[in-house]
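So you can see what is in the structure, the chains are spelled out below.
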Amino acid sequence: MRAEKHKKKKRTWLRVTGIVLLLMVLGGGAYAYSVYHSLNSAVETMHEPIKRDKSDKRTEEVKFQERDPFSVLLMGVDERKNDKGRSDTMIVLTVNPDTKSVKMLSIPRDTLTDIVGHGTRDKINHAYAFGGVEMAMDTVEEMLDIPIDYYVQINMEGFEDIVNAVGGITVNNDLSFDAGGYSFPEGQVDLNGKKALAYTRMRYDDPRGDFGRQIRQRQIIQGIISEGASVKSLWKFDDIFDALGSNVKTNIEFKEMVDIQKHYKDASNDIEQIKIEAGSSTRIDNIYYYVIPEEEIARLQNLLKEHLELES
């Protein structure tokens, strides 16, 4: 059964929770309790509620036990010394347990949109800098016209700690380049924490610009998931949970994670990455923006609404 599970690709990091629960059911004993207790403590550290009213795009709150479709805004925030940081990576995930699928939309950081609560039209990643998680969620929600139910925030600097905690990762690099004092050839590349950080930050030498960096960031996240969910990583659970607790914030509670694992785990078998099919780079007042036509935004809205089983 485990061998079959290891073949599944693109599992969410909540898969770690599933392995822990499986250990408790099958193995019991002090070791399983220790793992469970450490995970619970890590999630308590990660849990950070937000001051945000329920979305007016929902008539009722999401009920995991009733298998309601829900959405998550995944943000990779580059926090540096004396700088609040910006959400360099913004990925919207919609999860539907009935269709057993997840849709993933990466929003380019330079996308021009209305910043809700700030009264300006600016790059979407500035929403976090202006008003934190709440303003980022409100802005993405308004742009896509869907409720944003939850958030997961990852400190990009913390990639180094997390990658080291799982013992390093392997990615399939599609572009040969040098960055941060390291060389990254095409093909499979083994990365430790420092190399992973340099790998994710390269942008200007990639002809795809920010889209290329988003691809590399997703590779790192998926590599962490793959290694973190492996049985061998359970022997390093303290380091992994410490790294997650220090570098990940979310408004999802532990009991909700358990419900997600119980009622939604099959959805991780089918993850579709939605591509933005129309958009262009332009300069306005000598500032670079990425502009998505209204027709394309409407198409994206309809795709996500349909997946969340909302009326268009």
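Residues numbered from 1 in each chain as written. Predicted model: local features only at pLDDT ≥ 70, side-chain atom pairs only at ≥ 80, totals over all residues. Heavy atoms only, no water.

### Observations concerning the overall build of the protein
Put simply, the rule is: Helix and strand definitions follow DSSP, with helices as H or I runs of at least four residues and strands as E runs of at least two, each counted in order from the N terminus. Each residue's exposure class comes from its accessible area (1.4 Å probe, protein chains only) as a fraction of the maximum for that residue type: buried when under 20%, exposed when over 50%, partly exposed otherwise. Contact between two residues is taken to exist if any of their heavy atoms lie within 4.5 Å; hydrogens are not considered. Areas reported as accessible are Shrake-Rupley estimates using a 1.4 Å probe. Residue values count occlusion only from the protein chains shown.
The helix and strand inventory of the protein stands at ten helices and 14 strands. Sorting the 312 residues of the protein into buried and exposed places 53% on the buried side. Taking the contacts inside the protein whose residues are at least 6 apart along the sequence as the reference set, 64% of them involve residues at least 24 apart. When the accessible surface of the protein is totalled, it reaches about 15,400 Å², and 47% of it is carbon and sulfur.

### Looking at the nonpolar core
Heads up, the rule is: Only buried residues count toward a nonpolar core, which is a set of Ala, Val, Leu, Ile, Met, Phe, Trp, Tyr and Cys residues joined through side-chain atoms within 4.5 Å.
Counting 50 residues, the largest nonpolar core has F70, F159, F184, L191 and I220 as its most contacted members. Among residues more than four places away in sequence, those in contact with F184 are N173, L175, S176, F177, D178, A179, V189, L191, K195, A198 and Y199. One finds M90, V92, M143 and I292 within the second-largest nonpolar core, a separate group that totals 26 residues.

### Considering the confidence of the model for the protein
Low pLDDT means the predicted coordinates in that region are not meant to be read closely. Here is the rule: The pLDDT value expresses, per residue, how confident the predictor is, ranging between 0 and 100.
For the protein, per-residue confidence averages 81 on the pLDDT scale, and 80% of positions sit at 70 or higher. Every residue in residues 2-31 scores below 50 in pLDDT, and together they form 55 contacts with partners more than four places removed in sequence or on other chains.

### Points about helix α6 (residues 193-201)
This is how the line gets drawn: Residues adjacent in sequence count toward polar contacts only when both atoms are side-chain atoms; beyond that, a polar contact is any pair of N or O atoms within 3.5 Å, and within protein one must be able to donate a hydrogen and the other to accept it.
When α6 is considered as a whole, its buried residues turn out to be G193, A196, L197, A198, Y199 and T200. Sitting at the head of α6, N192 places a side-chain oxygen 3.3 Å from the backbone nitrogen of K194.

### With respect to the pattern of salt bridges
The test is simple: For salt bridges, the criterion is a side-chain nitrogen of Lys or Arg within 4 Å of an Asp or Glu carboxyl oxygen.
Under the criterion given, the structure shown has 18 salt bridges. A salt bridge links R67 to D98, with the shortest nitrogen-to-oxygen separation between them at 3.8 Å. Note that R67 is positioned in the loop between α3 (29-46) and β1 (70-80) and D98 in the loop between β2 (83-96) and β3 (101-107), a separation of 31 residues in sequence. Between K194 and E160 there is a salt bridge, and its shortest N-O distance comes to 3.3 Å. One end of the pair, K194, is in helix α6; the other, E160, is in helix α5 (residues 159-165), with 34 residues separating them in the sequence. One network of salt bridges, in which partners are shared, links D174, D206, R208 and R216.

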